[in-house]
Amino acid sequence: MQVIVRDNNVDQALRVLKKKMQREGIFREMKLRRHYEKPSERKARESAEAIRRARKLARKRFDRE
């Protein structure tokens with residue numbers, strides 16, 4: 001990942017970097033990797049996330065109609 005610093009404005013470059021990292025899901029990945037997660041727990045978490053995404057998508061579709 002690369003961010004260009006323009007006019008020695010490090011604060012703006014840092015904001016851009018954080019936004020890119022957030023979009024890529026790096027912060028979430030770091031949080032998940034802080035502690036070991038058993039494969040069974042990982043499978044349960046991922047299936048719960050998939051169900052949550054599907055319900056959210058269904059809700060959005062229902063609202064549009």
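Here we summarise the structure given alongside this text. (Residues numbered from 1 in each chain as written. Predicted model: local features only at pLDDT ≥ 70, side-chain atom pairs only at ≥ 80, totals over all residues. Heavy atoms only, no water.)

### A short note on the overall build of the protein chain
Item 1. Assigned secondary structure in the protein chain consists of three helices and zero strands.
Item 2. In terms of overall dimensions, the protein chain is more spread out than a globule: its C-alpha atoms have a radius of gyration of 18 Å, far above the 11 Å expected for 65 residues.
Item 3. Seen through its C-alpha atoms, the protein chain measures out along the principal axes to roughly 45 × 40 × 15 Å.
Item 4. Burial status across the protein chain gives 6% buried among its 65 residues.
Item 5. Taken as a whole, the protein chain presents about 6,800 Å² of accessible surface, with 51% of it coming from carbon and sulfur.
Item 6. Across the protein chain, 22 positive and 10 negative side-chain charges occur, with their mean positions spaced 1 Å apart. (Helix = DSSP H or I, 4+ residues; strand = E, 2+ residues; numbered from the N terminus. Rg over C-alpha atoms; globule rule 2.2 N^0.38 Å. Buried < 20%, exposed > 50% of the residue type's maximum accessible area, 1.4 Å probe, protein only. Areas by Shrake-Rupley, 256 points an atom, 1.4 Å probe, with all protein chains shown as cover. Lys, Arg positive; Asp, Glu negative; His and termini not counted. Charge placed at Lys NZ, Arg CZ, Asp CG, Glu CD.)

### Examining helix H1 (residues 10–24)
Given 3.6 residues to a turn, an α-helix orients residues that are three or four positions apart in the same direction.
Item 1. In this model, H1 (15 residues) spans 21 Å end to end at C-alpha, consistent with the 21 Å of a helix rising 1.5 Å per residue.
Item 2. Note on H1: the residue one or two positions beyond its end, Gly25, has a positive phi of about 85°. (Expected span 1.5 Å × (residues − 1).)

### Concerning a positive patch on the surface
Item 1. A cluster of basic side chains, namely Arg55, Lys56, Arg59, Lys60, Arg61 and Arg64, defines a positive patch on the protein surface.
Item 2. On the basis of relative accessible area, Arg64 is assigned to the exposed category, the value being 67%. (Patch = residues over 30% accessible without salt bridge, like charges linked within 9 Å, V, L, I, M, F, W, Y side chains within 5 Å. Salt bridge = Lys/Arg side-chain N within 4 Å of Asp/Glu carboxyl O.)

### Here's the deal with the pattern of salt bridges
Item 1. Following the criterion strictly, the structure yields five salt bridges and no others.
Item 2. Taking the shortest distance from any N to any O, the salt bridge between Arg42 and Glu46 comes out at 3.1 Å. A residue pair is termed a helical-turn pair when its members lie 3 or 4 positions apart in one helix, as Arg42 and Glu46 do in helix H3 (residues 39–64) at four residues.
Item 3. Judged by its relative accessible area of 46%, Arg42 falls in the partly exposed class.
Item 4. Looking at Glu46, the relative accessible area reads 36%, which means it is partly exposed.
Item 5. With its nearest N and O atoms 3.2 Å apart, the salt bridge here joins Arg45 to Glu49. In this pair, Arg45 and Glu49 are both assigned in helix H3, four residues apart and thus about one turn of the helix distant. Exposure class is identical for Arg45 and Glu49. Each is buried.
Item 6. Through salt bridges that share partners, Arg28, Glu37, Arg45 and Glu49 make up one connected network.

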